[in-house]
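# Structural overview for review
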Amino acid sequence: MNILSKVNRKTSLAKFIDRDQNLQRTIGTKDLIMMGIGAVIGAGIFVIPGTVAATTAGPGIILSFVIATVVCSLCAMCYAEFSSALPVAGSAYTFGNVIFGEITGWIIGWGLILEYMLSVATVASSWSAYLQSLLANFGIHMPKALSANYDPNHGTYVNLIAILVVLLISWILTRGVKSSTRLNDIMVLVKIAIIIVFVVAGAFFVKPTNWNPFMPFGVSGVFTGASLVFFAYLGFDVIAASAGEVKNPKKTMPIGIIGTLIICTILYILVSIVLTGIVPYTKLNVSDPVTFALQMIHLDKLGILISLGALAGMFTMMVNMVFSSSRLIYSIGRDGLLPKNLSKIDTKKNVPIHSVIFVTIVIALMGGIFSLDKLASLVNIGTLIAFTFMSIGILFLRRRKDIKNDGFKVPLYPVLPIVSAVACIYLLTQLPLDTWILAIIWFAGGLCIYFGYGIKHSRSNKS
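Scope of this entry: the structure provided in the associated data block.

What counts, and at which threshold
Along each chain, numbering runs from 1 in the same order as the chain's sequence is written. Local features in this predicted model are restricted to residues of pLDDT 70 or higher, and side-chain atom pairs are both shown and tallied only at a pLDDT of 80 or more, whereas totals for entire chains, interfaces and linings draw on every residue. Remark: hydrogens and water are excluded; side-chain values derive from all non-hydrogen atoms of the structure. By the criteria applied, helices consist of DSSP H or I runs no shorter than four residues and strands consist of E runs no shorter than two, each listed in order from the N terminus. In this scheme, a residue with accessible area under 20% of its type's maximum is buried, one over 50% is exposed, and one in between is partly exposed, where area comes from a 1.4 Å probe on protein chains only. Working rule for contacts: check all heavy atoms of both residues, and any pair within 4.5 Å makes them a contact. Accessible surface is estimated by sampling points in the Shrake-Rupley manner with a 1.4 Å probe; for residues, cover comes only from the protein chains shown. Each patch is built from salt-bridge-free residues with over 30% relative accessible area, joining like charges within 9 Å and nonpolar side chains (Val, Leu, Ile, Met, Phe, Trp, Tyr) within 5 Å. The salt bridge definition used is simple: a Lys or Arg side-chain nitrogen within 4 Å of an Asp or Glu carboxyl oxygen. Two aromatic rings, drawn from Phe, Tyr or Trp (for Trp, its six-membered ring), form a pair once their centres lie within 6.5 Å of each other, and the interplanar angle then sorts them: stacked below 30 degrees, edge-to-face above 60, tilted otherwise. In the analysis that follows, any N or O atom pair within 3.5 Å is treated as a polar contact, provided that within protein one partner can donate a hydrogen and the other can accept it, and provided that, for residues neighboring in sequence, both atoms belong to side chains.

To continue, consider the overall build of the protein chain. Scanning the protein chain from terminus to terminus reveals 18 helices and zero strands. Per-residue burial over the protein chain gives 59% buried out of 463 residues. Sequence-distant contacts, at least 24 apart, represent 83% of the contacts inside the protein chain between residues at least 6 apart. Accessible area for the protein chain stands at about 18700 Å²; split by element, carbon and sulfur atoms hold 68% of it.

Now for a nonpolar patch on the surface. Taken together, the side chains of Leu63, Val66, Val70, Phe214, Met215, Val219 and Phe223 make up a nonpolar region of the molecular surface, amounting to roughly 580 Å² of accessible area. Elements represented by at least two residues in the nonpolar patch include exactly helix H5 (61-85) and helix H10 (218-229). The element contributing the most residues to the nonpolar patch is H5, with three residues. With respect to the helices and strands, Phe214 occurs in the loop between helix H9 (177-203) and H10. Judged by its relative accessible area of 32%, Phe214 falls in the partly exposed class.

Here the focus is the pattern of salt bridges. Tallied over the full model, the rule gives five salt bridges. In this structure, the salt-bridge partner of Asp31 is Lys30, at a minimum N-O distance of 3.2 Å. Using a relative accessible area of 17% as the deciding quantity, one classes Asp31 as buried. Between Asp185 and Lys30 there is a salt bridge, and its shortest N-O distance comes to 3.1 Å. Of this pair, Asp185 sits in helix H9 while Lys30 sits in helix H3 (residues 29-40); the two residues are 155 residues apart in sequence, bridging distant segments of the chain. By relative accessible area, which is 9% here, Asp185 ends up buried. Salt bridges sharing common partners tie together Lys30, Asp31 and Asp185.

Moving on, we get to the side chain of Thr260. Structurally, Thr260 is set in helix H12 (residues 249-278). Among residues more than four places away in sequence, those in contact with Thr260 are Leu32, Ile33, Gly36, Ile37, Val40, Ile239 and Ile255.

This part covers the environment of Leu311. You can see Leu311 is positioned in helix H14 (residues 300-334). Residue class for Leu311 comes out buried when judged on its relative accessible area of 8%. Between the C-alpha atoms of Leu311 and Gly42, which are 269 residues apart in sequence, the distance is 8.4 Å. If sequence neighbours within four positions are ignored, Leu311 has contacts with Trp127, Tyr130, Leu131 and Leu134.

Here the focus is unusual backbone geometry. Glycine aside, residues mostly have negative phi, and peptide bonds are mostly found in the trans state. That bond from Asn212 to Pro213 is cis: its omega, 5 degrees, falls within 30 degrees of zero. Tracing the backbone shows Pro213 in the loop between H9 and H10. In this structure, Pro414 follows Tyr413 across a cis peptide bond, with omega equal to 5 degrees. If you trace the backbone, Pro414 turns up in the loop between helix H16 (378-397) and helix H17 (415-429). Positive phi, normally seen in glycine, also occurs at His298, with a value near 60 degrees. When you line up the elements, His298 lands in the loop between helix H13 (289-296) and H14. Despite not being glycine, Leu412 shows a phi value in the positive range, around 55 degrees. A relative accessible area of 62% means that Leu412 is categorised as exposed.

Another point: H13. Considered for burial, the residues of H13 that qualify are Pro289, Val290, Thr291, Ala293 and Leu294. Phi turns positive one or two residues past the end of H13, at His298, with a value near 60 degrees.

Now for the packing of aromatic side chains. A full pass over the atoms with the stated rule returns twelve aromatic pairs. Ring plane angle 15 degrees and centroid distance 5.0 Å describe the contact between Phe65 and Tyr268, whose orientation is recorded as stacked. One end of the pair, Phe65, is in helix H5; the other, Tyr268, is in helix H12, and 203 residues separate them in sequence. Just as Phe65 is buried, Tyr268 falls in that class too. Judged by centre distance (4.6 Å) and plane angle (15 degrees), the ring pair of Trp110 and Trp442 falls under stacked. In this pair, Trp110 is assigned in helix H7 (residues 102-136) and Trp442 in helix H18 (residues 433-457), connecting sequence segments 332 residues apart. Judged by its relative accessible area of 10%, Trp110 is buried. Three or more aromatic residues joined by ring pairs form one cluster here, namely Trp106, Trp110, Trp442, Tyr450 and Phe451.

This next bit is on the environment of Ser91. Inspection of the secondary structure assignment puts Ser91 in helix H6 (residues 91-99). Residue classification places Ser91 among the buried residues on the basis of a relative accessible area of 1%. As for Ser91 and Gly109, which are separated by 18 residues in sequence, their C-alpha atoms are 8.6 Å apart.

With respect to the element layout, Asn320 can be found in helix H14. At 3.4 Å, the side chain of Asn320 and the backbone oxygen of Met35 are in polar contact. For Asn320, the contacting residues outside a window of four places in its chain are Met35, Gly38, Ala39, Asn184 and Val238.

Have a look at this one:
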(Lines give C-alpha, C1' and ligand atoms only; values in the text may rest on other atoms or scores of the structure.)
Protein backbone atom coordinates (compact mmCIF):
# COMPACT_ATOMS: atom_id res chain seq x y z
CA MET A 1 0.00 0.00 0.00
CA ASN A 2 1.57 3.35 -1.09
CA ILE A 3 1.53 6.50 1.06
CA LEU A 4 -1.26 8.17 -0.94
CA SER A 5 -3.61 5.24 -0.48
CA LYS A 6 -2.70 5.04 3.21
CA VAL A 7 -3.51 8.66 4.04
CA ASN A 8 -6.77 8.47 2.05
CA ARG A 9 -7.96 5.22 3.69
CA LYS A 10 -11.33 5.43 5.40
CA THR A 11 -12.48 3.46 8.42
CA SER A 12 -16.03 2.14 8.34
CA LEU A 13 -18.65 3.31 10.84
CA ALA A 14 -19.12 -0.27 12.06
CA LYS A 15 -15.46 -0.49 13.08
CA PHE A 16 -15.63 2.77 15.04
CA ILE A 17 -18.75 1.57 16.85
CA ASP A 18 -16.98 -1.70 17.68
CA ARG A 19 -13.96 0.20 19.04
CA ASP A 20 -16.22 2.29 21.31
CA GLN A 21 -18.06 -0.67 22.85
CA ASN A 22 -16.25 -0.23 26.18
CA LEU A 23 -17.78 3.22 26.64
CA GLN A 24 -21.05 3.25 28.56
CA ARG A 25 -24.06 5.18 27.22
CA THR A 26 -25.21 7.09 30.31
CA ILE A 27 -25.82 10.67 29.04
CA GLY A 28 -29.44 11.68 28.46
CA THR A 29 -30.94 14.65 26.60
CA LYS A 30 -31.10 16.96 29.65
CA ASP A 31 -27.52 16.24 30.65
CA LEU A 32 -26.36 16.78 27.07
CA ILE A 33 -28.02 20.20 26.84
CA MET A 34 -26.57 21.11 30.24
CA MET A 35 -23.16 20.01 28.98
CA GLY A 36 -23.56 22.22 25.92
CA ILE A 37 -24.63 25.25 27.95
CA GLY A 38 -21.75 24.61 30.33
CA ALA A 39 -19.28 24.66 27.45
CA VAL A 40 -20.73 27.63 25.54
CA ILE A 41 -21.77 30.02 28.33
CA GLY A 42 -18.56 30.86 30.14
CA ALA A 43 -17.20 34.11 31.47
CA GLY A 44 -17.74 35.50 27.98
CA ILE A 45 -21.38 36.33 28.62
CA PHE A 46 -20.24 38.76 31.30
CA VAL A 47 -17.60 40.38 29.04
CA ILE A 48 -18.20 40.01 25.28
CA PRO A 49 -21.54 41.90 25.00
CA GLY A 50 -20.06 44.96 26.70
CA THR A 51 -16.69 45.19 24.97
CA VAL A 52 -18.04 44.49 21.47
CA ALA A 53 -20.87 47.00 21.98
CA ALA A 54 -18.39 49.68 23.07
CA THR A 55 -15.85 49.18 20.30
CA THR A 56 -17.68 47.75 17.30
CA ALA A 57 -21.47 47.51 17.23
CA GLY A 58 -23.04 49.79 19.84
CA PRO A 59 -26.53 48.69 20.97
CA GLY A 60 -26.63 46.91 17.60
CA ILE A 61 -24.76 44.15 19.42
CA ILE A 62 -28.23 42.64 19.79
CA LEU A 63 -28.42 42.20 16.00
CA SER A 64 -24.80 40.97 15.96
CA PHE A 65 -25.81 38.07 18.18
CA VAL A 66 -28.77 37.31 15.92
CA ILE A 67 -26.52 37.22 12.84
CA ALA A 68 -23.91 35.11 14.63
CA THR A 69 -26.65 32.74 15.71
CA VAL A 70 -27.80 32.27 12.11
CA VAL A 71 -24.25 31.39 11.00
CA CYS A 72 -23.61 29.20 14.01
CA SER A 73 -26.95 27.42 13.62
CA LEU A 74 -25.92 26.33 10.12
CA CYS A 75 -22.80 24.70 11.57
CA ALA A 76 -24.88 23.27 14.42
CA MET A 77 -27.27 21.58 11.98
CA CYS A 78 -24.34 20.02 10.11
CA TYR A 79 -22.96 18.69 13.39
CA ALA A 80 -26.40 17.42 14.34
CA GLU A 81 -26.72 15.42 11.11
CA PHE A 82 -23.24 13.95 11.50
CA SER A 83 -23.91 13.04 15.13
CA SER A 84 -27.17 11.35 14.11
CA ALA A 85 -25.60 9.42 11.24
CA LEU A 86 -22.30 8.60 13.00
CA PRO A 87 -23.00 8.18 16.75
CA VAL A 88 -19.38 7.55 17.81
CA ALA A 89 -16.82 9.31 20.02
CA GLY A 90 -14.36 11.79 18.56
CA SER A 91 -16.56 14.53 17.14
CA ALA A 92 -15.31 16.09 13.89
CA TYR A 93 -12.10 14.00 14.01
CA THR A 94 -14.03 10.73 13.63
CA PHE A 95 -16.54 12.24 11.20
CA GLY A 96 -13.69 13.48 8.98
CA ASN A 97 -11.98 10.09 9.15
CA VAL A 98 -15.09 8.25 7.96
CA ILE A 99 -16.02 10.73 5.22
CA PHE A 100 -12.73 12.16 3.91
CA GLY A 101 -10.08 9.70 5.02
CA GLU A 102 -7.43 9.31 7.71
CA ILE A 103 -5.19 12.28 6.92
CA THR A 104 -8.12 14.72 6.88
CA GLY A 105 -9.46 13.26 10.11
CA TRP A 106 -6.02 13.71 11.67
CA ILE A 107 -5.78 17.37 10.58
CA ILE A 108 -9.24 18.10 11.99
CA GLY A 109 -8.41 16.26 15.21
CA TRP A 110 -5.09 18.06 15.57
CA GLY A 111 -6.90 21.38 15.20
CA LEU A 112 -9.48 20.37 17.82
CA ILE A 113 -6.74 19.33 20.26
CA LEU A 114 -5.42 22.87 19.91
CA GLU A 115 -8.89 24.36 20.47
CA TYR A 116 -9.84 22.26 23.50
CA MET A 117 -6.58 22.30 25.44
CA LEU A 118 -5.60 25.90 24.74
CA SER A 119 -9.06 27.21 25.60
CA VAL A 120 -9.08 25.36 28.94
CA ALA A 121 -5.57 26.53 29.81
CA THR A 122 -6.49 30.13 28.98
CA VAL A 123 -9.70 29.99 31.02
CA ALA A 124 -7.88 28.33 33.94
CA SER A 125 -5.59 31.38 34.10
CA SER A 126 -8.61 33.70 33.94
CA TRP A 127 -10.45 31.67 36.60
CA SER A 128 -7.44 32.06 38.88
CA ALA A 129 -7.32 35.83 38.35
CA TYR A 130 -11.06 36.17 38.95
CA LEU A 131 -10.92 34.09 42.15
CA GLN A 132 -7.93 36.04 43.45
CA SER A 133 -9.78 39.30 42.77
CA LEU A 134 -12.84 38.02 44.64
CA LEU A 135 -10.74 36.79 47.59
CA ALA A 136 -8.98 40.16 47.76
CA ASN A 137 -12.32 41.73 48.72
CA PHE A 138 -12.12 39.67 51.91
CA GLY A 139 -8.45 40.46 52.57
CA ILE A 140 -7.14 37.10 51.31
CA HIS A 141 -4.09 37.24 49.02
CA MET A 142 -1.99 34.58 47.29
CA PRO A 143 1.82 34.76 47.63
CA LYS A 144 2.97 36.72 44.58
CA ALA A 145 5.33 33.96 43.41
CA LEU A 146 2.39 31.56 43.14
CA SER A 147 -0.17 34.00 41.71
CA ALA A 148 0.56 34.08 37.96
CA ASN A 149 2.42 32.51 35.04
CA TYR A 150 6.22 32.26 34.92
CA ASP A 151 7.60 35.81 34.76
CA PRO A 152 10.63 36.29 37.07
CA ASN A 153 10.86 39.98 36.11
CA HIS A 154 7.55 40.54 37.87
CA GLY A 155 8.20 38.09 40.70
CA THR A 156 5.79 35.35 39.57
CA TYR A 157 6.76 31.74 38.88
CA VAL A 158 3.66 29.56 38.77
CA ASN A 159 -0.11 30.04 38.77
CA LEU A 160 -0.95 27.61 41.54
CA ILE A 161 -4.72 28.15 41.47
CA ALA A 162 -4.85 27.49 37.70
CA ILE A 163 -3.06 24.17 38.21
CA LEU A 164 -5.21 23.18 41.18
CA VAL A 165 -8.51 23.87 39.41
CA VAL A 166 -7.44 21.70 36.44
CA LEU A 167 -6.44 18.91 38.83
CA LEU A 168 -9.80 19.22 40.62
CA ILE A 169 -11.66 18.95 37.31
CA SER A 170 -9.59 15.92 36.34
CA TRP A 171 -10.42 14.25 39.65
CA ILE A 172 -14.14 14.92 39.10
CA LEU A 173 -14.02 13.44 35.60
CA THR A 174 -12.24 10.28 36.78
CA ARG A 175 -15.15 9.61 39.16
CA GLY A 176 -17.28 8.65 36.15
CA VAL A 177 -19.58 10.34 33.66
CA LYS A 178 -22.64 10.29 35.96
CA SER A 179 -20.82 12.10 38.76
CA SER A 180 -19.36 14.77 36.47
CA THR A 181 -22.65 15.42 34.65
CA ARG A 182 -24.49 15.74 37.97
CA LEU A 183 -22.05 18.41 39.18
CA ASN A 184 -22.15 20.14 35.79
CA ASP A 185 -25.96 20.26 35.89
CA ILE A 186 -25.91 21.93 39.31
CA MET A 187 -23.27 24.50 38.28
CA VAL A 188 -25.09 25.33 35.04
CA LEU A 189 -28.37 25.91 36.89
CA VAL A 190 -26.55 28.25 39.31
CA LYS A 191 -25.03 30.11 36.37
CA ILE A 192 -28.35 30.48 34.53
CA ALA A 193 -30.05 31.64 37.75
CA ILE A 194 -27.44 34.36 38.27
CA ILE A 195 -27.80 35.54 34.66
CA ILE A 196 -31.58 35.72 35.09
CA VAL A 197 -31.16 37.69 38.32
CA PHE A 198 -29.04 40.24 36.45
CA VAL A 199 -31.54 40.49 33.59
CA VAL A 200 -34.58 40.89 35.88
CA ALA A 201 -32.90 43.33 38.28
CA GLY A 202 -31.32 45.35 35.50
CA ALA A 203 -34.56 45.57 33.50
CA PHE A 204 -35.95 48.05 36.05
CA PHE A 205 -33.07 50.46 35.33
CA VAL A 206 -33.11 50.32 31.51
CA LYS A 207 -33.24 53.71 29.77
CA PRO A 208 -34.40 53.43 26.13
CA THR A 209 -32.41 56.58 25.32
CA ASN A 210 -29.23 54.51 25.77
CA TRP A 211 -30.21 52.56 22.64
CA ASN A 212 -30.08 55.70 20.52
CA PRO A 213 -28.24 55.64 18.17
CA PHE A 214 -28.85 51.92 17.76
CA MET A 215 -26.12 51.37 15.16
CA PRO A 216 -23.51 54.11 15.79
CA PHE A 217 -20.88 52.20 13.79
CA GLY A 218 -23.25 51.51 10.91
CA VAL A 219 -24.38 48.22 9.41
CA SER A 220 -20.75 47.19 8.87
CA GLY A 221 -20.18 47.53 12.62
CA VAL A 222 -23.02 45.12 13.31
CA PHE A 223 -21.54 42.54 10.93
CA THR A 224 -18.05 43.01 12.34
CA GLY A 225 -19.56 42.55 15.77
CA ALA A 226 -21.17 39.33 14.56
CA SER A 227 -17.76 37.96 13.52
CA LEU A 228 -16.46 38.73 17.03
CA VAL A 229 -19.38 37.41 19.06
CA PHE A 230 -19.50 34.29 16.87
CA PHE A 231 -16.66 32.98 19.00
CA ALA A 232 -18.86 33.25 22.07
CA TYR A 233 -20.57 30.12 20.74
CA LEU A 234 -17.43 28.06 20.31
CA GLY A 235 -17.78 24.97 22.42
CA PHE A 236 -21.07 23.51 21.22
CA ASP A 237 -19.02 21.06 19.15
CA VAL A 238 -17.94 19.42 22.43
CA ILE A 239 -21.40 17.85 22.49
CA ALA A 240 -20.51 15.83 19.42
CA ALA A 241 -17.40 14.51 21.17
CA SER A 242 -19.60 12.68 23.69
CA ALA A 243 -21.64 10.78 21.05
CA GLY A 244 -20.14 7.46 22.13
CA GLU A 245 -21.62 7.87 25.64
CA VAL A 246 -25.08 9.23 24.78
CA LYS A 247 -28.32 7.30 25.07
CA ASN A 248 -30.30 7.04 21.81
CA PRO A 249 -27.81 9.31 19.96
CA LYS A 250 -29.86 9.61 16.74
CA LYS A 251 -32.51 11.52 18.67
CA THR A 252 -30.56 12.91 21.62
CA MET A 253 -27.58 14.45 19.74
CA PRO A 254 -29.58 16.77 17.42
CA ILE A 255 -31.79 17.92 20.31
CA GLY A 256 -28.72 18.53 22.49
CA ILE A 257 -26.86 20.54 19.85
CA ILE A 258 -29.76 22.66 18.61
CA GLY A 259 -31.30 23.04 22.10
CA THR A 260 -27.98 24.33 23.44
CA LEU A 261 -27.76 26.91 20.66
CA ILE A 262 -31.31 28.21 21.23
CA ILE A 263 -30.94 28.57 25.02
CA CYS A 264 -27.50 30.22 24.79
CA THR A 265 -28.72 32.66 22.13
CA ILE A 266 -31.64 33.77 24.30
CA LEU A 267 -29.32 34.35 27.28
CA TYR A 268 -26.74 36.30 25.22
CA ILE A 269 -29.40 38.54 23.67
CA LEU A 270 -31.15 39.25 26.99
CA VAL A 271 -27.85 40.23 28.64
CA SER A 272 -27.00 42.48 25.65
CA ILE A 273 -30.40 44.22 25.76
CA VAL A 274 -30.24 44.95 29.48
CA LEU A 275 -26.54 45.85 29.54
CA THR A 276 -26.74 48.43 26.74
CA GLY A 277 -30.00 49.73 28.21
CA ILE A 278 -28.50 50.37 31.65
CA VAL A 279 -25.24 52.02 30.57
CA PRO A 280 -24.36 54.05 27.43
CA TYR A 281 -22.44 51.73 25.12
CA THR A 282 -19.44 54.09 25.08
CA LYS A 283 -18.70 53.26 28.73
CA LEU A 284 -18.74 49.47 28.40
CA ASN A 285 -15.18 48.89 27.20
CA VAL A 286 -14.05 47.50 30.56
CA SER A 287 -12.92 44.05 31.68
CA ASP A 288 -16.09 43.49 33.75
CA PRO A 289 -18.93 45.39 32.01
CA VAL A 290 -21.75 43.59 33.86
CA THR A 291 -20.29 44.35 37.30
CA PHE A 292 -19.56 47.90 36.11
CA ALA A 293 -23.19 48.33 35.02
CA LEU A 294 -24.44 47.15 38.42
CA GLN A 295 -22.17 49.69 40.13
CA MET A 296 -23.63 52.43 37.92
CA ILE A 297 -27.11 51.63 39.23
CA HIS A 298 -25.85 51.20 42.81
CA LEU A 299 -26.37 47.43 43.02
CA ASP A 300 -22.80 46.75 44.11
CA LYS A 301 -23.68 43.70 46.22
CA LEU A 302 -25.08 42.00 43.15
CA GLY A 303 -21.58 42.35 41.70
CA ILE A 304 -20.31 39.68 44.08
CA LEU A 305 -23.10 37.39 42.89
CA ILE A 306 -22.09 38.08 39.28
CA SER A 307 -18.49 37.22 40.18
CA LEU A 308 -19.69 33.86 41.49
CA GLY A 309 -21.65 33.39 38.26
CA ALA A 310 -18.54 34.10 36.21
CA LEU A 311 -16.55 31.59 38.25
CA ALA A 312 -19.28 28.98 37.82
CA GLY A 313 -19.42 29.75 34.10
CA MET A 314 -15.70 29.28 33.62
CA PHE A 315 -15.68 26.16 35.78
CA THR A 316 -18.39 24.36 33.80
CA MET A 317 -16.73 25.41 30.55
CA MET A 318 -13.46 23.84 31.73
CA VAL A 319 -15.19 20.65 32.91
CA ASN A 320 -16.80 20.13 29.53
CA MET A 321 -13.70 21.04 27.53
CA VAL A 322 -11.48 18.69 29.57
CA PHE A 323 -14.12 15.98 29.15
CA SER A 324 -14.22 16.51 25.39
CA SER A 325 -10.46 16.78 24.92
CA SER A 326 -9.96 13.53 26.82
CA ARG A 327 -12.52 11.82 24.54
CA LEU A 328 -10.79 13.24 21.49
CA ILE A 329 -7.38 11.97 22.64
CA TYR A 330 -9.03 8.64 23.49
CA SER A 331 -10.46 8.42 19.96
CA ILE A 332 -7.14 9.17 18.28
CA GLY A 333 -5.35 6.65 20.52
CA ARG A 334 -8.15 4.15 19.82
CA ASP A 335 -7.30 4.39 16.13
CA GLY A 336 -3.55 4.03 16.68
CA LEU A 337 -2.57 7.50 15.49
CA LEU A 338 -1.36 8.26 19.03
CA PRO A 339 -0.06 5.69 21.55
CA LYS A 340 -2.65 2.98 22.24
CA ASN A 341 -2.40 3.43 26.03
CA LEU A 342 -4.29 6.71 25.65
CA SER A 343 -7.41 4.71 24.76
CA LYS A 344 -7.34 2.53 27.89
CA ILE A 345 -10.73 2.44 29.70
CA ASP A 346 -11.05 2.18 33.48
CA THR A 347 -13.37 -0.82 33.78
CA LYS A 348 -14.89 0.37 37.08
CA LYS A 349 -15.75 3.93 36.03
CA ASN A 350 -15.92 3.42 32.24
CA VAL A 351 -13.61 6.42 31.83
CA PRO A 352 -10.61 6.72 29.43
CA ILE A 353 -8.34 7.26 32.40
CA HIS A 354 -5.01 7.66 30.56
CA SER A 355 -6.34 10.27 28.16
CA VAL A 356 -7.79 12.24 31.10
CA ILE A 357 -4.40 12.15 32.86
CA PHE A 358 -2.60 13.16 29.65
CA VAL A 359 -4.77 16.23 28.95
CA THR A 360 -4.65 17.19 32.64
CA ILE A 361 -0.85 17.30 32.65
CA VAL A 362 -0.67 19.29 29.39
CA ILE A 363 -3.38 21.79 30.37
CA ALA A 364 -2.05 22.25 33.92
CA LEU A 365 1.44 23.04 32.59
CA MET A 366 0.09 25.41 29.94
CA GLY A 367 -2.28 27.23 32.29
CA GLY A 368 0.03 27.26 35.32
CA ILE A 369 3.35 28.23 33.79
CA PHE A 370 3.12 29.67 30.29
CA SER A 371 1.68 32.99 29.17
CA LEU A 372 -1.01 32.25 26.59
CA ASP A 373 -1.99 35.76 25.49
CA LYS A 374 -0.50 35.44 22.00
CA LEU A 375 -1.73 31.89 21.51
CA ALA A 376 -5.37 32.25 22.53
CA SER A 377 -6.50 33.36 19.05
CA LEU A 378 -5.38 29.96 17.71
CA VAL A 379 -8.50 28.51 19.32
CA ASN A 380 -10.55 30.15 16.59
CA ILE A 381 -8.60 28.57 13.74
CA GLY A 382 -8.90 25.04 15.12
CA THR A 383 -12.65 25.43 15.53
CA LEU A 384 -13.39 27.11 12.21
CA ILE A 385 -11.39 24.52 10.26
CA ALA A 386 -13.48 21.79 11.89
CA PHE A 387 -16.69 23.74 11.15
CA THR A 388 -15.68 24.13 7.49
CA PHE A 389 -14.96 20.44 7.00
CA MET A 390 -18.18 19.45 8.73
CA SER A 391 -20.21 21.78 6.51
CA ILE A 392 -18.63 20.47 3.31
CA GLY A 393 -18.75 16.94 4.67
CA ILE A 394 -22.56 16.86 4.60
CA LEU A 395 -22.36 16.85 0.78
CA PHE A 396 -20.22 13.70 0.89
CA LEU A 397 -22.19 12.11 3.74
CA ARG A 398 -25.42 12.18 1.72
CA ARG A 399 -23.69 10.34 -1.12
CA ARG A 400 -22.54 7.44 1.06
CA LYS A 401 -24.82 4.47 0.42
CA ASP A 402 -23.27 2.48 3.29
CA ILE A 403 -24.32 5.04 5.95
CA LYS A 404 -28.02 5.08 6.77
CA ASN A 405 -29.39 8.06 8.65
CA ASP A 406 -33.01 7.92 9.74
CA GLY A 407 -32.51 10.76 12.23
CA PHE A 408 -31.93 14.50 11.81
CA LYS A 409 -30.98 15.94 8.41
CA VAL A 410 -29.97 19.49 7.46
CA PRO A 411 -32.93 21.16 5.71
CA LEU A 412 -32.66 22.89 2.31
CA TYR A 413 -29.86 20.57 1.24
CA PRO A 414 -27.40 21.33 -0.39
CA VAL A 415 -27.84 25.10 -0.01
CA LEU A 416 -27.46 25.40 3.77
CA PRO A 417 -24.28 23.26 4.08
CA ILE A 418 -22.65 25.29 1.28
CA VAL A 419 -23.67 28.61 2.87
CA SER A 420 -22.30 27.33 6.21
CA ALA A 421 -18.94 26.44 4.65
CA VAL A 422 -18.66 29.81 2.89
CA ALA A 423 -19.48 31.67 6.13
CA CYS A 424 -16.79 29.75 8.05
CA ILE A 425 -14.19 30.34 5.32
CA TYR A 426 -15.02 34.06 5.40
CA LEU A 427 -14.45 34.18 9.15
CA LEU A 428 -11.14 32.35 8.69
CA THR A 429 -9.99 35.09 6.31
CA GLN A 430 -10.69 37.70 9.00
CA LEU A 431 -8.12 36.23 11.41
CA PRO A 432 -4.78 38.09 11.67
CA LEU A 433 -1.61 37.00 9.85
CA ASP A 434 0.38 36.17 13.00
CA THR A 435 -2.38 33.76 14.05
CA TRP A 436 -2.10 31.99 10.69
CA ILE A 437 1.70 31.75 11.01
CA LEU A 438 1.39 30.09 14.44
CA ALA A 439 -1.32 27.79 13.08
CA ILE A 440 0.89 26.70 10.17
CA ILE A 441 3.64 25.82 12.65
CA TRP A 442 1.16 23.84 14.77
CA PHE A 443 -0.25 21.87 11.84
CA ALA A 444 3.25 21.25 10.41
CA GLY A 445 4.17 19.68 13.75
CA GLY A 446 1.00 17.61 13.60
CA LEU A 447 1.85 16.29 10.13
CA CYS A 448 5.33 15.34 11.38
CA ILE A 449 3.72 13.27 14.16
CA TYR A 450 1.29 11.66 11.71
CA PHE A 451 3.91 10.65 9.14
CA GLY A 452 6.50 9.78 11.80
CA TYR A 453 4.18 7.71 14.04
CA GLY A 454 0.50 7.64 13.18
CA ILE A 455 0.62 6.31 9.63
CA LYS A 456 2.70 3.32 10.78
CA HIS A 457 0.67 2.46 13.87
CA SER A 458 -2.83 3.15 12.53
CA ARG A 459 -5.30 0.34 13.20
CA SER A 460 -6.35 0.68 9.58
CA ASN A 461 -3.14 -1.22 8.75
CA LYS A 462 -4.64 -4.23 10.47
CA SER A 463 -8.32 -3.91 9.59
